[in-house]
Amino acid sequence: MRRPAPQTLVDIRHPGPQAQDRLPYAPCHATKIECQVSAGEPLLEALGRRADDAGFSSAVLNLSGVQMAAFDYVMPDRAVDDRHAAWYSDTHSSKGTELEEAVAILGWRDGAWFVHIHAYWRENDAWHLGHLLPDTLTIAASANISGYGLVGASFEASLDPETEFTLFRVKSDRDAMSGKTANALITTLAPFTDLHEGITALGNQLPGAGYSVHGLGSLAGAHFEDGPPMTGLISEILLQNGAGKPQNGKLSLPLRTVDLNKGLFQGHATPGKCPTLVTNELLLVAQD
């Protein structure tokens with residue numbers, strides 16, 4: 001039986017001790033990449049093989065426009081025990097579709113490649129946003145995938161004591177950059193850290209005055225500068241193209257989100273009004 005949905009932020013209680021570092025990050029070098037994947041390839045295997053060939057430790061990729069064969073996915077939902085603040089829905093199945101928008105974080109779990117994907121797509125005359133289950137993903141039609149390959153830092157899954165979820169954590173390996181300059185950073189925001197304010201603080205660690213932002217995660221409610229608020233406090237999100245801070249401009253965070261009631265929301269995040277629920281896995285890349 002699922003527990004009642006939280007009504008206020010005070011109702012959201014993670015079971016473990018709070019991590020001291022609420023904005024953990026690791027500098028790295030990000031290289032723009034584009035790779036072709038072929039029909040019939042398992043997605044995780046294809047992405048991992050190409051990262052190996054290029055010598056990347058992790059990657060953040062845009063899967064928008066990729067046609068997928070039948071796959072399974074889950075959505076955000078209420079906790080199933082008294083230890084977690086939230087959980088996943090029962091497993092849903094898609095008959096296969098083109099992903100309208102999708103973000104993939106390629107990292108490591110148990111010594112092997114693993115990928116965390118949030119996607120938005122239309123199927124059966126309705127729009128969906130979900131967390132795709134990587135072992136069920138097969139490419140249905142050849143496609144080009146773009147994004148950033150990383151060296152000097154990686155996303156590695158481990159048990160997070162605060163939330164008791166197995167999550168991507170950032171791991172630094174500066175020696176692997178082989179003289180390359182750090183032009184980016186990866187981060188995993190801690191619970192209740194505001195998405196906009198956290199990114200603003202981290203952007204100050206990058207060279208130059210402008211940067212792009214890429215990633216996915218979860219929010220405990222959200223307010224938007226150009227749309228109705230999401231009042232449900234359990235959700236999953238993906239950042240859209242164009243997220244970032246231009247030179248001499250303001251940080252803009254367009255995003256899509258789905259709440260525990262399957263409600264879909266879209267808009268530009270309002271500063272101070274988008275608290276992290278469990279984590280947000282992000283890449284910030286300095287502008288050339």
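Residues numbered from 1 in each chain as written. Predicted model: local features only at pLDDT ≥ 70, side-chain atom pairs only at ≥ 80, totals over all residues. Heavy atoms only, no water.

Caption draft 1: Spatial organisation of the packing of aromatic side chains. Within the structure shown, the criterion is met by 10 aromatic pairs. With centroids separated by 5.4 Å and ring planes inclined at 75°, the aromatic side chains of Phe 71 and Trp 121 adopt a geometry described as edge-to-face. Taken together, the residues Phe 71 in strand β4 (residues 71-74) and Trp 121 in strand β9 (residues 112-123) connect sequence positions 50 residues apart. For the residue pair Phe 71 and Trp 121, the accessibility class agrees, reading buried in each case. Between Tyr 120 and Trp 127, the ring centres sit 4.7 Å apart and the planes meet at 5°, which makes this aromatic pair stacked. Among the residues examined, Tyr 120 registers a relative accessible area of 9% and is labelled buried. By relative accessible area, Trp 127 is classed as partly exposed at 34%. Each residue in the set Phe 71, Tyr 73 and Trp 121 is aromatic and connected to the rest through ring pairs, giving one cluster. One residue, Arg 109, lies across the ring of Phe 114, its end atom 5.3 Å from the ring centre. The ring of Tyr 120 carries the charged tip of Arg 256 above its face, separated from the ring centre by 3.9 Å. (Phe/Tyr/Trp six-rings, centres within 6.5 Å; stacked < 30°, edge-to-face > 60°. Helix = DSSP H or I, 4+ residues; strand = E, 2+ residues; numbered from the N terminus. Buried < 20%, exposed > 50% of the residue type's maximum accessible area, 1.4 Å probe, protein only. Lys NZ or Arg CZ within 6 Å of the ring centre and 35° of its normal.)

Scope: geometric values only; no functional claims are made or implied.
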